[in-house]
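Summary of structural features
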Amino acid sequence: MKKTLALVILFSVLAGFLLVQPLGSIYAQGEVPPPTPYPGESDYVTFEALDIADEVMVGPYANSYIRFSTPDSWSLQPEGAKIILEIETTARSSRTFSGDADGYSGALLEVVLNGHVIDTIFLRTGAETIELVVPEGALYSTRPDGQHSLQIFLNATIDCLFDHETSVLVKNSSGFSLPHNNVSPSPNITLLPRPFYKKASLLPEEVILLLPDAPTVSELEAAMVVSASIGRMTGGEQVVSVASLGTITPAQKENAHIIMVGMDDSLPVLNEVSFLVNQTAGVSDGIVHMAVSPWNASRVVLYVGGGDENGVLKAAQAFSSGALRVGKHYSVSVISDVAESVEITEVADDRTFASLGYLSQTISGVGYGALEYEFMVPLGKAPAGDSYIELLYTHSAIFDFDSSGANITLNGEPLGSMRFSEETANQVNKLTINVPDYTIHPGRNVLSVQAEFIPLDYCSTLNDAGLWMSVNDNSLVHVPLVDANQSAITYTHDLGLFPTPFINDPSLSDLSIVLPAKDVNSWDIAAKLAANLGSYANGKTLQLSVFYPDDIPAEAQADNHFIVIGRASQLPVLSEMADIMPARFEAGSDMAIEDNSMITFSLPEGTDLGYLEFFASPWDSTHSVLTIMGSTPLGLEWAEDALFNPIYQPDLRGDYVVVHAEKAYSIDTRLGLGVQNLSATAVPGAIPTLIPDNVPMTSYAYQQDWVIIAIGITTGGILLMLIGLAVRALFKNRANK
């Protein structure tokens, strides 16, 4: 029986190995639901909404910092403003506390908002919810960028005095209740991207590009330039949607900031907007004009357009500079010539912290502290190499030098670190750190000095003021700049390399987007794509082009990369690409034909599938084509999600991807890898219509036949062995009798 059991186990293991098949699937992450409001608090926003995780603070001392901003449409009201902390305190001690002290941890929690001490809390052990009233003076930011700063400081001195350990879990269900009145933002185009976007906003606001129902190709091109511009102004963080006059809903008008793009006579809705000034402009002049929205006074309308197509394109390109020149009023800019309407500020190679507006600054106290310095790189400029940071600093002499130090980062990228020692204490030190070009971004750059001070004695009374580091205002940033030029081109057609090569040109001038003439869904996907690509661009202005699929100029065919978006039946240009595409489409059909498959499956028209294909341009093999397509509108949305959703990125590879629901299937048709029919794999239950007589030994189909045959032979052999053992055991039993 033992032998029989062993054979059964062996059979199970072999069958398990043989049945395992490579799925090649990638699971999409569902959208995170909005946080649940604090009971009774309609203005409550959780830490989780700011992408802040639960944090454990460990005694005797610990600091936690949170930064956030509020929309320009909020006027904070002091009455009812609260900080709600959901915490859980754990205290382990060899001592027993009695009387009134029972239940208390012996630790304190100090809460500071914008430099104002809100309260000092005596912490009880266990879970508790603490509501802190915020005074009016604490509602105003003291930072140059306007962000609010919340500091939570754990003071568990008791851990120094006794055999005692304290930890506090600050849950991300904690948050802010900030009653506010909705007010009208200032329609000031020199503050762009405000009021559309503020970094770490408690409540990001929707932005909609509003187009004519039948935009000209120039109007659609201008809209894509505007979307790309918002992408680079916000680092790709602001989501932009597209609607036409016929598809926008009253709710969208009321809830969103609206950017109208087009010629003035194609946007009759402009008559509903009350601009502060009646600006006159020539027919071919561009105009960028902002006003309070007529549908919601806490939102704005921005018009980017002109009297003709040239004016519309001028307005969009000037807008893309992020540096519009205004006249007598800050709400409007008239563009007769793009170069003259853009104010690009020249900056010196060497900029001291003092010249950037910063005095000498000091970090002090136990634990973590940080200093930040902002500097700008004008759009259209790029680092010339040999950049460096020169920090002049001093520090005290009573650190635990083995455990204390500081890290220096630029835009979140680590540059270097400093180690404190007795030799560097109580004197001015100079630290020079080389800065790689890739860490320097067009526009706003943030240099951060992040220090952690560990004392020799956690219980010393000198810790608050005696642990310190000061950065002198004569420290400097050395960043030589040159005009941005096209970077090296990459021709490898692998979706894992996206967005290369479409971002090689700093102005995106060698990129063309091909869109159907009457498909708002495709326009919306293109706008999100443009915003993503725009976040990489550092040219003075953005100059990507847009074409309809039946009218692509020969010059563009020869010189540009292409991104084609839509359903195949809307894109006649695909007929010119069929011979080189990883999967082609029959005229009038939205279902891909996978000629590289060893088995062809029949899928009905209307099956929801998304397609991504990446291949050499049929007009010039040194350029590339990316197609983002769907068999249905839903399939098209799935294809877009596969391209941009980070959950797909580790396995997004090869030149052909099929997406169905929350799975994506990727292969590289050039290497003969994955010759199975991906469309059928994505939609189980399809019926095979053709099986070739001779299937190559390397094909997936052949491997499946081998698996079935192997399982059959193995199963039969084991069954025969089991029967033989049973018969043998039977004869032995009879013989023993």
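Model, not experiment: these values are computed from the prediction.

This part covers the packing of helix α3 (residues 217–233) against helix α8 (residues 520–534). Where α3 meets α8, the axes come as close as 6 Å, and the angle between the chain directions of the two elements is 40°. As far as their axial angle goes, α8 and α3 are oblique. α8 is crossed by α3, and the crossing has right-handed handedness. On α8, the residues that touch Leu-220, Met-224, Ser-227, Ala-228, Gly-231 and Arg-232 of α3 are Trp-523, Ala-526, Ala-527, Lys-528, Ala-530, Ala-531 and Gly-534. Grouping the amino acids of the contact of α3 with α8 by side-chain chemistry returns eight nonpolar, three polar and two charged.

In this section: helix α5 (residues 309–320). With 12 residues, α5 ought to run about 16 Å at 1.5 Å a step, and its terminal C-alpha atoms sit 17 Å apart, in line with that. Gly-311, Val-312, Leu-313, Ala-315, Ala-316, Ala-318, Phe-319 and Ser-320 are the residues of α5 that are buried. The N-terminus of α5 is capped by Asp-308, whose side-chain oxygen sits 3.2 Å from the backbone nitrogen of Asn-310. Just downstream of α5 lies Gly-322, where phi reads positive at about 70°.

Under the counting rule described, the total for this entry stands at 14 aromatic pairs. Where Phe-498 meets Phe-502, the ring centres are 6.3 Å apart and the plane angle is 50°; that geometry is what we call tilted. Exposure class is identical for Phe-498 and Phe-502. Each is buried. Their ring planes at 65° and their centres at 6.2 Å tell us that Phe-498 and Phe-644 sit as a pair that is edge-to-face. Of the two residues, Phe-498 is situated in the loop between β31 (481–483) and β32 (511–514) and Phe-644 in helix α10 (residues 633–644); the sequence distance between them amounts to 146 residues. Judged by its relative accessible area of 14%, Phe-498 falls in the buried class.

Before going further, it helps to spend a moment on the pairing of strand β17 (residues 286–292). For β17, the buried fraction is high: six of the seven residues fall into the buried class. Of the pairings in the sheet, the one linking β17 to strand β19 (residues 332–335) comprises four bridges and is antiparallel in character. Its bridge partner lying in β19, Ile-287 is registered against Val-334.

Using the criterion set out here, one finds 12 salt bridges in the structure. Between Arg-67 and Glu-372 there is a salt bridge whose closest N-O contact spans 2.9 Å. Remark: Glu-372 occurs in strand β22 (residues 367–377) and Arg-67 occurs in strand β4 (residues 61–68); sequence separation between them is 305 residues. Of the charged contacts in the structure, one is a salt bridge between Lys-528 and Asp-524, with a shortest N-O distance of 2.8 Å. Here Lys-528 pairs with Asp-524, and both are found in helix α8, just four residues apart, close to one helical turn. Linked by salt bridges that have partners in common, Arg-67, Arg-143 and Glu-372 make up one network.

Taken in spatial order, the four strands make up an open sheet running β22-β28-β25-β26, and their pairing is antiparallel. Two strands lie at the open edges of the sheet, namely β22 and β26 (413–419), each paired on one side alone. For this sheet the average axis-to-axis angle between neighbouring strands, irrespective of direction, equals 15°. As paired strands, strand β25 (residues 405–410) and β26 are joined by six bridges and run antiparallel to one another. Directly across from Thr-409, in β26, lies its bridge partner Pro-414.

By the element assignment, Thr-439 lies in the loop between β27 (429–435) and β28 (443–453). Among the polar contacts listed, one links the side chain of Thr-439 to the backbone oxygen of Pro-436, at a separation of 2.8 Å. Residue contacts for Thr-439: discarding those within four places in its chain leaves Leu-410, Asn-411, Glu-413, Leu-415 and Asn-445.

With that settled, the discussion passes to the sheet that holds strand β15 (residues 240–244). Pairing is mixed across the open sheet formed by six strands, whose spatial order is β15-β14-β16-β18-β17-β19. With one partner strand each, in any of the chains shown, β15 and β19 form the two edges of the open sheet. When the angles between neighbouring strand axes are averaged without regard to direction, this sheet yields 20°. In this structure, strand β14 (residues 207–211) lies alongside strand β16 (residues 257–263), joined through four bridges in parallel fashion. What sits directly across from Leu-209, in β16, is Ile-259. Taken strand by strand, α3 contacts β14, β15, β16 and β18 (300–306), and its axis lies near 145° from that of β16. Where α8 meets the sheet, its contacts fall on β14 and β15, and the angle it forms with β15 comes to roughly 155°.

What follows covers the side chain of Ser-244. By the secondary structure assignment, Ser-244 is in strand β15. What Ser-244 contacts, discounting residues up to four positions off in sequence, is Leu-210, Leu-211, Pro-212, Asp-213, Val-520 and Trp-523.

If you trace the backbone, Arg-444 turns up in strand β28. Taking the C-alpha atoms as reference points, Arg-444 and Met-233, separated by 211 residues in sequence, lie 9.0 Å from one another. Ignoring anything within four residues of it in the chain, the contact list for Arg-444 reads Asp-145, Lys-199, Glu-374, Phe-375, Met-376 and Asn-411.

The next subject is the environment of Ser-141. Position of Ser-141 among the secondary structure elements: in the loop between β9 (126–133) and β10 (148–155). For Ser-141 and Gly-115, which are 26 residues apart along the polypeptide, the C-alpha to C-alpha distance reads 8.8 Å. Setting aside its immediate chain neighbours within four residues, Ser-141 contacts Asn-114, Gly-146, Gln-147 and His-148. Polar contacts involving the side chain of Ser-141 include one to the main-chain carbonyl oxygen of Gly-146, which spans 3.4 Å.

Procedures and definitions
- Residues numbered from 1 in each chain as written.
- Predicted model: local features only at pLDDT ≥ 70, side-chain atom pairs only at ≥ 80, totals over all residues.
- Heavy atoms only, no water.
- Axes fitted to C-alpha atoms, helices over the stretch in contact; angles between N-to-C directions.
- Helix = DSSP H or I, 4+ residues; strand = E, 2+ residues; numbered from the N terminus.
- Parallel < 35°, antiparallel > 145°, perpendicular 65-115°, else oblique.
- Left-handed = near helix turned anticlockwise from the far one by under 90°.
- Contact = heavy atoms within 4.5 Å.
- Nonpolar A, V, L, I, M, F, W, Y, C, P; charged D, E, K, R; others polar.
- Expected span 1.5 Å × (residues − 1).
- Buried < 20%, exposed > 50% of the residue type's maximum accessible area, 1.4 Å probe, protein only.
- Polar contact = N/O pair within 3.5 Å; in protein donor to acceptor, adjacent residues only side chain to side chain.
- Phe/Tyr/Trp six-rings, centres within 6.5 Å; stacked < 30°, edge-to-face > 60°.
- Pairing = 2+ DSSP bridges.
- Salt bridge = Lys/Arg side-chain N within 4 Å of Asp/Glu carboxyl O.

Limitation: the analysis is restricted to geometry and does not speak to function.
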